[in-house]
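# Secondary and tertiary structure notes
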Amino acid sequence: MTTKETHARRHVTTGSWVLAGDPQPHISAELRKRYRALIDANGTHLVIALELLGGHKVFSHAPENLLDVHRWVSHGIPSVSITHLALAVEPLSSHTLSEALGVSLRTLHRKKGAPGDTLSVAQGGRTFKFAEVVAKATVVLGSRETAVQWLTSPAIGLDQQKPIDLLATPVGTQLVEELLDRIEHGVYA
């Protein structure tokens, strides 16, 4: 039995979602019910991104569509979302996370320590996009741990650059997302 087959047979709990059977994260029944419309329209990766940012613990009602997500980001994602995200992407260092989010290390620490504060629209947009990329990598690669490892390793499809180093710009983020799409469809390089 190969490592992939062994991984596919075991159930691994990763926060609010579970890996089981195939390498695709499966949303729990509770989350599937809470986010039914969002999943139907956009797939599971968006729900995983929201959960990486704290999910129902940080927003008052579950978004039903992308416009609701937009409103949530534009009205100021609670700063505590950065704490949730940092815990979710461990062992990623604060320095690496601050670079990927495009904020200074000092700002990152200040925002993590200010539970009543909100992120600016720009900070919230970058934070959400980072969570979305981690979520997409989680879906494509099978686990959050594998996604974080992939993000911090040189990638052949990116001329040996680490995907996380490209996330500081919109163009770099697009390149990482396109590579994930190619991996998902079996075209790695």
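Residues numbered from 1 in each chain as written. Predicted model: local features only at pLDDT ≥ 70, side-chain atom pairs only at ≥ 80, totals over all residues. Heavy atoms only, no water.

A low pLDDT score tells you not to read the predicted coordinates there in detail. Confidence in the prediction for the protein chain averages 81 pLDDT; 85% of positions are at 70 or higher. When the criterion is pLDDT under 50, residues 1–24 qualifies, and its contacts beyond four places in sequence or with other chains add up to 43 contacts. (pLDDT = per-residue confidence, 0-100. Contact = heavy atoms within 4.5 Å.)

Before going further, it helps to spend a moment on the pattern of salt bridges. Where charged atoms from two side chains of opposite charge approach closely, those side chains can pair. One pass over the full model with this rule turns up 5 salt bridges. Residue D68 is joined to R71 by a salt bridge in which the shortest nitrogen-to-oxygen separation is 3.1 Å. On the criterion of helical spacing, the pair formed by D68 and R71 is a turn pair, its members being 3 residues apart in helix α5 (residues 66–74). Judged by its relative accessible area of 18%, D68 falls in the buried class. Overlapping salt bridges, with partners in common, bring together K129, E132 and E177 in one network. (Salt bridge = Lys/Arg side-chain N within 4 Å of Asp/Glu carboxyl O. Helix = DSSP H or I, 4+ residues; strand = E, 2+ residues; numbered from the N terminus. Buried < 20%, exposed > 50% of the residue type's maximum accessible area, 1.4 Å probe, protein only.)

Here we take up unusual backbone geometry. Residue E90 is joined to P91 through a cis peptide bond whose omega torsion reads 15 degrees. Here P91 lies in the loop between α6 (80–88) and α7 (94–101). Its identity is not glycine, yet D159 carries a phi of approximately 55 degrees, on the positive side.

In this section: the side chain of E177. Following the sequence through the fold, E177 ends up in helix α12 (residues 170–184). Judged by relative accessible area, which is 19%, E177 ranks as buried. Once residues lying within four places of it in the same chain are set aside, the contact partners of E177 are K129, V133 and K136.

For the rest of this paragraph, the subject is the packing of α6 against helix α8 (residues 105–112). The geometry of α6 relative to α8 is characterised by a closest axis approach of 7 Å and an angle of 105 degrees between their N-to-C directions. As summarised for this structure, α6 and α8 are arranged roughly perpendicular, according to the angle between their axes. Only L108, K111 and K112 of α8 make contact with α6, whose side of the interface consists of I82, T83 and A86. Taken together, the residues of the contact of α6 with α8 sort by class into 3 nonpolar, 1 polar and 2 charged. (Axes fitted to C-alpha atoms, helices over the stretch in contact; angles between N-to-C directions. Parallel < 35°, antiparallel > 145°, perpendicular 65-115°, else oblique. Nonpolar A, V, L, I, M, F, W, Y, C, P; charged D, E, K, R; others polar.)

What follows is about the packing of helix α9 (residues 121–141) against α12. One way to put it is that α9 packs onto α12 with a least axis distance of 10 Å and a crossing angle of 15 degrees. On the basis of the axis angle, α9 is roughly parallel to α12. Crossing of α9 over α12 shows left-handed handedness. Of α12, the residues touching α9 (which contributes K129, V133, K136, A137, V140 and L141) are T173, V176, E177, L180, D181, I183 and E184. (Left-handed = near helix turned anticlockwise from the far one by under 90°.)

So, on to the nonpolar core. Judged by nonpolar contacts, the single largest core of 53 residues is most densely connected at Y35, W72, L85, F128 and F130. With 9 residues, the top contributor of residues to this core is α9. Not counting residues up to four positions away in its chain, the partners in contact with L85 are L52, L53, L97, L101, T127, F130 and A131. (Core = buried A, V, L, I, M, F, W, Y, C linked by side-chain atoms within 4.5 Å.)

Tracing the sequence through the fold places T127 in helix α9. Taking the C-alpha atoms as reference, T127 lies 8.8 Å from G102; in sequence the two are 25 residues apart. In this structure T127 touches L53, I82, L85, L101 and L119, once residues within four positions along its chain are discounted.

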